[in-house]
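The residues making up each chain are set out below.
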Amino acid sequence: MRLDLAEKEWEGREEAWLSRQARLFRELIPVRRASVRELLSQSTPFVETRGGGRHYFSKKDLEMAASKLRPELLDAPILPIVFTRGEAEDTYIVREAEAAEAFATLSGLRGLERLSSGEFYTYKSLILHFLSRYPSLGVITG
């Protein structure tokens, strides 16, 4: 009987934890992506998140990105770049080709490798380096 009570208590905690994680996940995911040019035109650059919050961008980060990206990427809706945990350890997926190109360019890479699904992937260490240089331009999920 005591074990049943402990199991139910654990299940309750587990459900609360999962609910909290789902809420936090929604807070990070942007409703839409915006272009560098669009964000630079805003006095306070941001995009809304699925959780009803806002993801703010640093003007400094945006200006640095604008100086390094090719002109076509400045109008592509790529920001924030969303990195989703991959199946292999320490790998993360970038789904959009333009976002993968922007990440590679800003990271000083020649490009990103592709999975058989066509999605691009990179490694946690490269993302951390990217975010240390451009903290407002990306979001890690999963």
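Procedures and definitions
Per chain, residue numbering runs from 1 following the sequence as it is written. The predicted nature of this model means local features are confined to residues of pLDDT at least 70 and side-chain atom pairs, given and counted, to a pLDDT of 80 or more, with totals for whole chains, interfaces and linings taken over all residues. In computing side-chain properties, one takes all heavy atoms of the structure into account and sets aside hydrogens as well as water. A run of H or I in DSSP becomes a helix once it reaches four residues, and a run of E becomes a strand once it reaches two; helices and strands are each numbered from the N terminus. The classification of residues rests on relative accessible area computed with a 1.4 Å probe and restricted to protein chains. Under 20% of the type maximum is buried, over 50% is exposed, and intermediate values are partly exposed. We call two residues in contact when some of their heavy atoms are within 4.5 Å. Note on areas: Shrake-Rupley with a 1.4 Å probe; residue coverage comes only from the protein chains shown. Two strands make a pair as long as DSSP finds a minimum of two bridges between them.

> Help me understand the overall build of the protein in this model?
Looking only at helices and strands, one finds six helices and seven strands in the protein. Shown N-terminal to C-terminal, the secondary structure of the protein runs as helices and strands in the order α-α-β-β-α-α-β-β-α-β-β-α-β. Out of the 142 residues in the protein, the part that is buried amounts to 37%. A fraction of 54% describes how many contacts in the protein between residues 6 or more apart in sequence connect residues 24 or more apart. Within the structure as shown, the protein displays about 9,000 Å² of accessible surface, and the carbon and sulfur contribution to it stands at 52%.

> Mind showing me how you'd approach helix α5 (residues 97-107) here?
Each α-helix winds once per 3.6 residues, and so residues spaced three or four apart point in a common direction. Every buried residue of α5 is listed here: Ala99, Ala100, Ala102, Phe103, Ala104, Leu106 and Ser107. Where α5 is buried, its residues contact α3 (59-68), α4 (71-74), β3 (81-85), β4 (91-94), β6 (120-123) and α6 (124-133). Just beyond α5, the residue with positive phi is Gly108, at close to 80 degrees.

> I tried to follow the pairing of β4 on my own but got confused; where do I start?
Residues in a regular strand point their side chains to alternate faces of the sheet. Side chains of β4 alternate between two faces, with Thr91 and Ile93 and Tyr92 and Val94 buried alike. Direction of pairing for β3 relative to β4: antiparallel, over a ladder of two bridges. Note that in β4 the partner of Arg85 across the bridge is Tyr92. What sits between the antiparallel neighbours β3 and β4 is a turn of five residues, in which Asp90 has the positive phi angle 65 degrees. Where β4 lies against β6, four bridges are found, and the strand directions are antiparallel. Directly across from Ile93, in β6, lies its bridge partner Tyr121.

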